[in-house]
Amino acid sequence: MDLLKIITSTDRYNFHSHTQFCDGRDTVASIAAAAVASGFEHFGFSPHSPVPIQSPCNMSAESVGAFRAEVNAANEMAHGSTTKFYAGMEIDFLGKEWGPHTAYFTDLNLDYSIGSVHFIRNRRGEYVDIDGKFDSFRSKMADKFDNDIRYVVNEYYRASAEMLSLGGFDILGHMDKIGQNASYYSPGIEDEGWYIDLIEDYIAQVIASSKIVEINTKARVEHGRFFPGERYWKRLVEAGVPLMINSDAHYADKVDASRCEALSILSRLK
Ligand SMILES: [Zn+2]
Ligand SMILES: [Zn+2]
């Protein structure tokens, strides 16, 4: 499939969604029905990938076949409508040993893939999920990271840069996601010089990578931000980075959430 062609020819797409196969709250069938009702032309399912560590949010390797069968069934259900469904994955990058570039994923021949960082290693070498609710993040800061927010932010962007250089995926997922929990933990952190240096270096690498970068709208209503944050959009647009607006929906009624707002902000920058 040609993602670039799709996103430059229509706004009625979404390539980031979660279902019962991972931590989504609705089924493939009900999200597919919502996508048809919302008039999407292209709609991708992107379960959190299998990972070789304990994680209640990720799909199991055993369920990959069933997932693909359900996406096929969604295409049959939508036959005659204008919606086409795709079986993708939001692949977790854990390091050189496990990520979008490793054989397990490249051999799956998915329709497309998103590369995302949700887990980083702490100083004891344990993988810790730094995504999710702030309450949980705050306790992990104490229990897992010795309250060293700078370590966490550094490690997030270091892992992101490593993922980008190893490649193997089509879409860069929520590139500054750590900014949300880090900002709740330490308000104003994104305006601090060291953070700015870190993200500016990373953005330069993103631009050089020629990857499609998603603008993730999932947290817009609840947390008032997009990923990447709006403050970085102009630079990405000016550098000619292809931007894709994704809702990262975990519920059927959120398939199109805040995409319209993102599209209109973006159109003013172009
Ligand atoms: Zn994600
Ligand atoms: Zn997601």
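Asker: Before we move on, can you summarise helix α2 (residues 28-37) with the specific residues and values?
Answerer: For α2, every residue scored as buried is listed here: Val 28, Ile 31, Ala 32, Ala 34 and Ala 35. Projected onto a plane normal to the axis of α2, the buried residues spread over an arc of 160 degrees and lie on a single side. In α2, the exposed positions that point more than 90 degrees away from the buried face belong to Ala 29 and Ala 37. The first or second residue beyond α2 is Gly 39, which carries a positive phi of 75 degrees.

Asker: Describe the packing of aromatic side chains, listing the residues and the values that go with them.
Answerer: Applying the stated rule across the entire model yields 20 aromatic pairs. The ring of Tyr 86 carries the charged tip of Lys 84 above its face, separated from the ring centre by 5.0 Å. Its end group placed over the ring of Tyr 251, Lys 254 keeps NZ or CZ at 5.1 Å from the ring centre.

Asker: Got a sec to walk through the pattern of salt bridges? Specific residues and values, please.
Answerer: All chains considered together, the criterion is met by 17 salt bridges. Here Arg 124 ties to Glu 126 by a salt bridge, and the two come within 3.4 Å at their closest N and O atoms. By relative accessible area, Glu 126 is classed as partly exposed at 31%. Each member of the salt-bridge network shares a partner with another, and the members are Lys 96, Glu 155, Arg 158 and Glu 162.

Asker: Any details on the coordination of the zinc ion (ligand 1)? Residues and values, ideally.
Answerer: Every protein donor of the zinc ion (ligand 1) is listed here as Glu 90 (OE), His 118 (NE2) and His 174 (NE2), and their distances to the metal cover 2.1 to 2.2 Å. Every donor residue of the zinc ion (ligand 1) comes from the same chain, spaced as E-x27-H-x55-H. Between the two metal centres, the zinc ion (ligand 1) and the zinc ion (ligand 2), the spacing is 3.3 Å, with Glu 90 acting as a shared donor. In this pair, His 118 sits in the loop between β4 (112-116) and β5 (119-121) while His 174 sits in the loop between β7 (171-172) and α7 (178-185), placing the two residues 56 residues apart along the sequence. Of the residues examined, His 118 reaches a relative accessible area of 4% and is grouped as buried.

Asker: Please provide a residue-by-residue account of the coordination of the zinc ion (ligand 2), values included.
Answerer: Six octahedral donors around a metal ideally make angles of 90 or 180 degrees; four tetrahedral donors ideally make 109.5 degrees. At the metal site, the zinc ion (ligand 2) is ligated by His 16 (NE2), His 18 (NE2), Glu 90 (OE) and Asp 248 (OD), and these contacts range over 2.0 to 2.4 Å. In this structure, the zinc ion (ligand 2) is surrounded by 4 donor atoms whose angles at the metal cover 79 to 162 degrees, and the resulting shape is irregular. Look at where the donors of the zinc ion (ligand 2) fall in the sequence and you get H-x1-H-x71-E-x157-D. Relative accessible area serves as the criterion here: at 0%, His 16 is assigned to the buried category.

Asker: Run through the environment of Asp 129, naming residues and quoting values.
Answerer: Within the secondary structure, Asp 129 is located in strand β6 (residues 127-129). Setting aside residues up to four positions removed in sequence, Asp 129 forms contacts with His 118, Phe 119 and Lys 140. Polar side-chain contacts of Asp 129 include one of 2.9 Å to the backbone nitrogen of Asp 131.

Asker: Break down the pairing of strand β9 (residues 243-246) for me, citing the residues and quoting the values.
Answerer: In regular strands, side chains alternate between the two faces of the sheet. Burial along β9 is two-sided: the residues Leu 243 and Ile 245 and Met 244 and Asn 246 are all buried. Summarising the sheet, strand β8 (residues 212-216) and β9 pair through 4 bridges and their orientation is parallel. Note that in β9 the partner of Asn 216 across the bridge is Asn 246.

Asker: An account of unusual backbone geometry is needed here, citing residue identities and associated values.
Answerer: Here Phe 227 and Pro 228 are connected by a cis peptide whose omega angle stands at 0 degrees. By secondary structure assignment, the location of Pro 228 is in the loop between α9 (220-223) and α10 (233-238). For Asn 109, which is not glycine, the phi torsion reads 50 degrees and is therefore positive. By secondary structure assignment, the location of Asn 109 is in the loop between α4 (103-106) and β4. A relative accessible area of 60% means that Asn 109 is categorised as exposed.

Calculation criteria
- Residue indices begin from 1 for each chain and proceed along its sequence in written order.
- To label them, take the chains in the order written and letter them from A, then take the ligands in the order written and number them from 1.
- Only residues with pLDDT of 70 or above have their local features reported here, since the model is predicted, and side-chain atom pairs are shown and tallied only from 80 upward, although totals for entire chains, interfaces and linings are computed over all residues.
- Calculation of side-chain values draws on the structure's entire complement of heavy atoms; hydrogens and water are dropped beforehand.
- Only protein chains enter the accessibility calculation, which uses a 1.4 Å probe; a residue is then buried when its area is under 20% of its type maximum, exposed when over 50%, and partly exposed in between.
- Helix numbering and strand numbering both begin at the N terminus, where a helix is a DSSP run of H or I of at least 4 residues and a strand a DSSP run of E of at least 2.
- Working note: the arc is built from the helix axis to C-beta atom directions.
- To pair, rings of Phe, Tyr and Trp, with the six-membered ring standing in for Trp, must have centres within 6.5 Å; the planes then decide the type, stacked if under 30 degrees apart, edge-to-face if over 60, and tilted in the middle.
- Over a ring means this: the NZ of a Lys or the CZ of an Arg is within 6 Å of the ring centre and within 35 degrees of the ring normal.
- Salt bridges are identified by distance alone: a Lys or Arg side-chain nitrogen within 4 Å of an Asp or Glu carboxyl oxygen.
- Because no water is among the atoms considered, metal sites can look incomplete, with donors defined as N, O and S atoms within 2.8 Å of the metal, or 3.2 Å for Na, K and Ca.
- Note on geometry labels: four donors, all angles 85 to 135 degrees, give tetrahedral; four donors become square planar and six octahedral when opposite donors are over 155 degrees apart and every other angle is between 65 and 115; remaining cases are irregular.
- Throughout, a contact is declared for two residues whenever any of their heavy atoms are within 4.5 Å.
- Think of a polar contact as two N or O atoms within 3.5 Å of one another; within protein, one of them needs to be a possible hydrogen donor and the other a possible acceptor, and neighboring residues in sequence only count if both atoms come from side chains.
- Strands pair, by our definition, only if DSSP identifies at least two bridges between them.

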